[in-house]
Amino acid sequence: MPTDNFDPPLKLTIGRFVRFWREVHGLSQEELAFRLDSSQRHISRIEGGSGRPSEAMVKDIATVMELGQRDSNHLLIAAGYAPIVKQVDFHAPELKWLRKSMVMTLRALDPYPTAILDSSGNFLMVNRGWVGFYQHNIDPKNLKQITNYYDFIFSREGAGNIISNWENTLSVILMSLTQLGLFSNKEADIALVQKLAQHPSVPEDWKQRAAQLEPMASYRVQMQIDNALRRFFSVISTVGALGPNAFVSEPNLSIQTLYPEDEDFDISSFLDDKLEHPLLFY
């Protein structure tokens, strides 16, 4: 099998994975090499950390070992290749348990505005706190048409209309999405960055700003609420698989919640019994 020309300064991680799975299946290096149409010497070099298999060979190893998506992606990541991510339908019947648990989570987080997002930033569910809070500040018709979190926070028809002084935060978000596009090389990921970068809230020097900042799972935002400037913590937690490829396994969900910085600000005042939204399921 072909191999990339690669002279690693340190032993490659892929070798430990290959040895682990070979031993799990009770295969010798010679037997694995035979099944891969390779040589025992090449397998030995890979396991020793001095040889890097091609991407095609990594996939062949996963096939020979009958590995599932999670473990196949572990091999790809260990060898320095992009994982293969298969989209999962959040609304599929077999994920009913997950949807139920997310509804319970949303209920528990009321009155704090909370949304469930997929790995592309699409809204999947929201809670009553989210609907009440944003409906108080955004035209309900526009709010019901919002489908993507990034469009929502960048757009002047969404949260971008009430959030101020957060050029650095938008810059960090764009940089994270840009590097996702560099990693995946998917047209959709690249197009999203190009689209969001056109919003008037984005500073011209966003790349330079983001290069000086580290992304975090939470950030501060300030909004004009009833003619008063209010500050909030936007906290994001992830629901996904365990292990090295936790952030590329599907379903990969994010829970995004706003908490007021001022503990005396009664955010429950935005709740009422008549709240409606296509993504409000309770």
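Let me begin by describing the structure that accompanies this report. (Residues numbered from 1 in each chain as written. Predicted model: local features only at pLDDT ≥ 70, side-chain atom pairs only at ≥ 80, totals over all residues. Heavy atoms only, no water.)

Quick word on helix α1 (residues 14–24)
No. 1: Those residues of α1 not exposed but buried are I14, G15, V18, W21 and R22. One face of α1 carries all of its buried residues, which in axial projection span an arc of 140°. Looking at α1, the residues exposed on the side facing more than 90 degrees away from the buried face are R16 and E23.
No. 2: Where α1 is buried, its residues touch α2 (29–35), α3 (40–48), α4 (55–64) and α5 (69–78).
No. 3: Where α1 terminates, the next one or two residues include G26, which has phi positive at roughly 65°. (Buried < 20%, exposed > 50% of the residue type's maximum accessible area, 1.4 Å probe, protein only. Helix = DSSP H or I, 4+ residues; strand = E, 2+ residues; numbered from the N terminus. Arc of directions from axis to C-beta. Contact = heavy atoms within 4.5 Å.)

Digging into the pairing of strand β4 (residues 218–225)
No. 1: Relative to strand β5 (residues 228–239), β4 runs antiparallel, the two sharing eight bridges. Its bridge partner lying in β5, S218 is registered against V235.
No. 2: Joining the antiparallel neighbours β4 and β5 is a turn of two residues, in which D226 adopts a positive phi near 50°. (Pairing = 2+ DSSP bridges.)

Here we look at the pattern of salt bridges
No. 1: As enumerated under the stated definition, the model contains nine salt bridges in all.
No. 2: Residues K59 and E55 are paired through a salt bridge, measuring 3.8 Å at the closest nitrogen-oxygen approach. Separated by four residues within a single helix, K59 and E55 lie in helix α4, roughly one turn from each other.
No. 3: Using a relative accessible area of 35% as the deciding quantity, one classes K59 as partly exposed.
No. 4: Note that R128 is salt-bridged to D273, the shortest N-O span being 4.0 Å. Here the residue R128 occupies a position in helix α7 (residues 128–135), and D273 occupies one in the segment after β6 (253–260), the gap between them amounting to 145 residues.
No. 5: One connected set of salt bridges, linked through shared partners, spans R19, R22 and E47. (Salt bridge = Lys/Arg side-chain N within 4 Å of Asp/Glu carboxyl O.)

Here's the deal with the packing of aromatic side chains
The relation between two aromatic rings is expressed through the spacing of the ring centres and the mutual angle of the planes.
No. 1: The full count for this structure, using the stated rule, is 14 aromatic pairs.
No. 2: On the numbers, 5.2 Å between centres and 55° between planes, the contact of W130 with Y134 is tilted. Residue W130 and its partner Y134 are located together in helix α7, separated by four residues, close to a single helical turn.
No. 3: The exposure class of Y134 is buried, given its relative accessible area of 4%.
No. 4: A ring pair is formed by Y149 and Y150, whose centres lie 5.6 Å apart and whose planes are at 65°; its orientation type is edge-to-face.
No. 5: Joined through ring pairs, the aromatic side chains of F123, W130, F133, Y134, Y149, Y150, F152, F232, F265 and F270 make up one cluster.
No. 6: In this arrangement the basic side chain of R230 is found over the ring face of F265, its NZ or CZ atom lying 4.3 Å from the centre. (Phe/Tyr/Trp six-rings, centres within 6.5 Å; stacked < 30°, edge-to-face > 60°. Lys NZ or Arg CZ within 6 Å of the ring centre and 35° of its normal.)

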